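Architecture and fold: a report
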Amino acid sequence: MINWGKHKTFRWHLWPLRRHQILILDTILLGIVGAAGARLFIFLLNLTHKIFLKGIADYSIPGLPSEGHSAYQVVGHHGLWLVPLVVALGGLIAGVLVNVFARKEKGHAADAIIGAFHRRSGYIPAKLTPLKLVTSVITIGTGGSAGREGPTAFFSSGIASIYANLTNRSEKDRRLLILIGLAAGLSAIFRSPIGTGIFAIEVLYRDMEFEPDALLYTMLGSINAYTINGIFIGWKPLFQIPPGLGVPDFLDYVWYSILGMSAGVIGTLVPITLYGVRDLFQKIQLPAFIKPAIGGFGVGLMALFIPQVLGGGYGWIQQAINGELTKTLLLLLLFSKIIATSLTISSGGSGGIFIPTMFIGGMLGGLLAHIFHMPPAAFVVVGMAAVLGSAAHVSIAAVLMVAEMTGGFHLLAASALAVMLALFVQRTLSAPFKYSSLYQEQVRNRAASPAHQVEDLKTALNILSEHLTIDPNTLGHLNLMGLLESGVPIDLPNKKQLFLGTIQPKSSCIGKSIDEQCNLAESEDWKIIAIFRKEQLIIPHPTTTIQKDDRMLILATPEQLEKFKSHFLPIKIELEADNGG
């Protein structure tokens, strides 16, 4: 028998290996969940469409030949006159379900996953997993302008969260598991095993940062879901491009550059419109469950003249690739889809914004192809990647995903150029605006993520503990995190105290630097260990300027702390506040 007490080194090396093996098994399981969720969602979506749009309004939205659907719409003998009522009915049903079972949960699904990662330890309430699936099926199946990818990803991420709870996993593992579920669900819907694996670790941040430690697992999960899904529907790309489409030459990149810069303008407009319309709906003094019906009715009225705004728009994207849409229609669809998607999602309807954003980019690309007299397929593909990449801040994932969804791998360089230019333009133009990304739950970078702030704080406290002359036998009983939450100074060895406080609103230090201007400069008796500013953790420097509502972790002697305490209010810090949705 091994004496574990005498072999601590062996046990330390064994545990990471064991955790790695368990996570590999997790990716297999969640890959199956992602593929199954995609098949279930599409089945229910087709059934809902058949009952409502086809059964009541006698209208069929064009689909994808690769999924066995007709690429063209079918309008019944009484035209489109019943469509507004059907879309409004779908919004009403979805609104009632949300407001009865989860009143705080509205909007698009991917944002909820991002919020769960950053602010809720990867926790997704169990009841939301089936609810989001059902409400999205109803919203999209009755004609709402939203995508099927977000709800499918939310379903697999929700199952991942439930699975993490049942297996008593750590917060770190739970966060990782919901990212694997996100990648698996998207992969099965989009048939994109590589791009979706990268999307899951890129979409978390507005800056070009990633969760690199998760890449191995998100990639394995997405590949697994793609493979299992392919057993049932095949492995061909979602969209079909002409086989004779050539590789771009030197002069073509001039036009792709213009497309990229134009996509940056549209990528700025999309989130501003989406969340601006949401703000307008929030001001409407009506019961919350009525608002999705109003949004749905608005989309239905638009559909009387522009039926292309209904649903996700997969079939219309394929027609744009085929060059079957006129220049006037492409221009009209470019802006009308922005409005229709905003009415659907921002009123409280449920669904994804991924494919509607690609739709908008595809119409922009098709329009510029007409203007430049270029092959439409290539410009539609590049436009899809450029608008998505800039609006969602997922530049690398957008390039790869669109290439996999269309089979246009020879357009990778053109797409990369357009996406990078689009992102540059979008960041420049969106800087003054309140809404700069499709995903509000994104944070700027890893340092700004509450998830990493908690880890950094724990690390800082561990380092602090190591430098305190505490008896090793009692060190394990000193829970600094728990004591800090009491909001009172903590007595430490060496005649020091640890204190967490927020700057007084009337403090003379506000607007001044930590150094002698505010008399808070570091000394043997006084040290500011960290500053918490909104979502950011700041390592203080003598020139760091103190701002209103800054929270400071301070190590000082009781005398020094009492001297400067008039500048601070004791607080109970909540690093992982629940923001709802």
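Residues numbered from 1 in each chain as written. Predicted model: local features only at pLDDT ≥ 70, side-chain atom pairs only at ≥ 80, totals over all residues. Heavy atoms only, no water.

**Details of the overall build of the chain**
Broken down by element type, the chain carries 20 helices and 10 strands. Residues classed as buried in the chain amount to 57% of the 581 residues present. For the chain, long-range pairs separated by at least 24 residues make up 78% of all intrachain contacts whose partners lie at least 6 apart in sequence. For the chain, the exposed area adds up to about 24,600 Å²; of that, 64% sits on carbon and sulfur atoms. (Helix = DSSP H or I, 4+ residues; strand = E, 2+ residues; numbered from the N terminus. Buried < 20%, exposed > 50% of the residue type's maximum accessible area, 1.4 Å probe, protein only. Contact = heavy atoms within 4.5 Å. Areas by Shrake-Rupley, 256 points an atom, 1.4 Å probe, with all protein chains shown as cover.)

**A word on helix H16 (residues 412-430)**
Residues lying three or four places apart along an α-helix face the same way, a consequence of the helix completing one turn every 3.6 residues. The terminal C-alpha atoms of H16 lie 26 Å apart, and with 19 residues this matches the ideal 27 Å at 1.5 Å per residue to within 8%. Considered for burial, the residues of H16 that qualify are Ala 414, Ser 415, Ala 418, Val 419, Ala 422, Leu 423, Val 425, Gln 426 and Ser 430. Looking at the buried positions of H16, the neighbouring elements they touch are helix H9 (252-283), helix H14 (376-392) and helix H15 (395-406). (Expected span 1.5 Å × (residues − 1).)

**Regarding helix H4 (residues 128-141)**
Its 14 residues give H4 an end-to-end C-alpha distance of 19 Å, which sits within 8% of 20 Å, the value for a rise of 1.5 Å per residue. With 12 of 14 residues buried, H4 lies mostly within the body of the structure. Buried residues of H4: Leu 128, Thr 129, Leu 131, Lys 132, Leu 133, Thr 135, Ser 136, Val 137, Ile 138, Thr 139, Ile 140 and Gly 141, and no others. At the exit of H4 stands Gly 143, carrying a positive phi of roughly 115°.

**Here we look at the nonpolar core**
Core analysis: the largest hydrophobic core is formed by 136 residues, its most contacted members being Phe 190, Phe 199, Phe 239 and Tyr 439. Looking at which element gives the most residues to this core, the answer is H14, with 13 residues. The residues touching Phe 199, leaving out its near neighbours within four places in the chain, are Leu 186, Phe 354, Val 394, Ala 397, Met 401 and Tyr 439. Judged by nonpolar contacts, the second largest core, of 14 residues, contains Ile 514, Ile 528, Ile 546 and Phe 564. (Core = buried A, V, L, I, M, F, W, Y, C linked by side-chain atoms within 4.5 Å.)

**Notes on the packing of H15 against H16**
Where H15 contacts H16, the two axes come as close as 9 Å, and the packing angle between them is 145°. The two elements H15 and H16 meet at a crossing, and its hand is right-handed. In this structure, H15 contributes Ser 395, Val 399, Leu 400 and Ala 403 to the contact, and H16 contributes Leu 412, Ser 415, Ala 416, Val 419, Met 420 and Leu 423. Here the contact of H15 with H16 is composed, by residue class, of 8 nonpolar, 2 polar and no charged. (Axes fitted to C-alpha atoms, helices over the stretch in contact; angles between N-to-C directions. Left-handed = near helix turned anticlockwise from the far one by under 90°. Nonpolar A, V, L, I, M, F, W, Y, C, P; charged D, E, K, R; others polar.)

**A closer look at the packing of helix H7 (residues 195-202) against H15**
It is the contact of H7 with H15, at a shortest axis distance of 8 Å, that shows an interaxial angle of 160°. When the axis of H7 is compared with that of H15, the two are roughly antiparallel. In terms of crossing hand, the pair formed by H7 and H15 is left-handed. Two secondary-structure elements touch here, H7 through Gly 195, Thr 196, Ile 198, Phe 199 and Glu 202 and H15 through Ser 395, Ile 396, Ala 397, Leu 400, Met 401 and Glu 404. Split by residue class, the contact of H7 with H15 holds 6 nonpolar, 3 polar and 2 charged. (Parallel < 35°, antiparallel > 145°, perpendicular 65-115°, else oblique.)

**Some points on the pattern of salt bridges**
All told, the structure shown has 8 salt bridges when counted by the stated rule. One salt bridge connects Asp 173 with Arg 169, and the closest N-O pair in it is separated by 3.4 Å. Assessed through its relative accessible area of 13%, Arg 169 is described here as buried. Where Arg 444 meets Asp 207, a salt bridge forms, and the shortest distance between an N and an O atom there is 3.3 Å. (Salt bridge = Lys/Arg side-chain N within 4 Å of Asp/Glu carboxyl O.)

**Here we look at the packing of aromatic side chains**
The description of an aromatic ring pair rests on the distance of the ring centres and on the angle between the ring planes. Scanning all chains against the criterion turns up 8 aromatic pairs. On the basis of an interplanar angle of 50° and a centroid distance of 5.1 Å, the ring pair of Phe 190 and Phe 354 is categorised as tilted. Remark: Phe 354 occurs in helix H13 (residues 354-372) and Phe 190 occurs in helix H6 (residues 171-190); sequence separation between them is 164 residues. Like Phe 354, Phe 190 is buried. Relative to Tyr 256, the ring of Tyr 253 lies with its centre 6.1 Å away and its plane at 65°, an arrangement referred to as edge-to-face. (Phe/Tyr/Trp six-rings, centres within 6.5 Å; stacked < 30°, edge-to-face > 60°.)

**Overview of the environment of Ala 385**
The residue Ala 385 is located in helix H14 in this model. Assessed through its relative accessible area of 0%, Ala 385 is described here as buried. Residues Ala 385 and Gly 365, spaced 20 residues apart in sequence, show a C-alpha to C-alpha distance of 9.9 Å. Leaving out residues up to four positions away in the same chain, Ala 385 has contacts with Ala 398, Val 399, Val 402, Ser 415 and Val 419.

**Examining the side chain of Ser 145**
Relative to the helices and strands, Ser 145 is located in the loop between H4 and helix H5 (149-166). With a relative accessible area of 0%, Ser 145 lands in the buried category. Reaching out from Ser 145, the side chain makes a polar contact with the side chain of Thr 341 at a distance of 2.9 Å. Look past the residues within four positions of Ser 145 in its chain and what remains in contact with it is Val 309, Gly 311, Lys 337, Ala 340, Thr 341, Thr 344 and Ile 345. (Polar contact = N/O pair within 3.5 Å; in protein donor to acceptor, adjacent residues only side chain to side chain.)

**So, a nonpolar patch on the surface**
Judged by side-chain polarity, Phe 250, Leu 251, Val 254, Trp 255, Ile 258 and Met 261 come together as a nonpolar surface patch covering roughly 600 Å² of accessible area. Counting through the fold element by element, Met 261 comes out in helix H9. (Patch = residues over 30% accessible without salt bridge, like charges linked within 9 Å, V, L, I, M, F, W, Y side chains within 5 Å.)

**What about the confidence of the model for the chain?**
Overall, the predicted model of the chain reaches an average pLDDT of 84, with 83% of residues at or above 70. For residues 1-14, every residue scores under 50 in pLDDT, and the model assigns this stretch 4 contacts once sequence neighbours within four places are set aside. For residues 571-581, every residue scores under 50 in pLDDT, and the model assigns this stretch 32 contacts once sequence neighbours within four places are set aside. (pLDDT = per-residue confidence, 0-100.)

**A closer look at unusual backbone geometry**
In the Ramachandran plot, Arg 191 falls in the positive-phi region, its phi being about 55° despite a non-glycine side chain. If you trace the backbone, Arg 191 turns up in the loop between H6 and H7. Judged by its relative accessible area of 5%, Arg 191 falls in the buried class. Phi at His 373 takes a positive value of approximately 60°, unusual for a residue other than glycine. For His 373, the position within the fold is in the loop between H13 and H14. Residue His 373 is classed as exposed on the basis of its relative accessible area, which comes to 72%.

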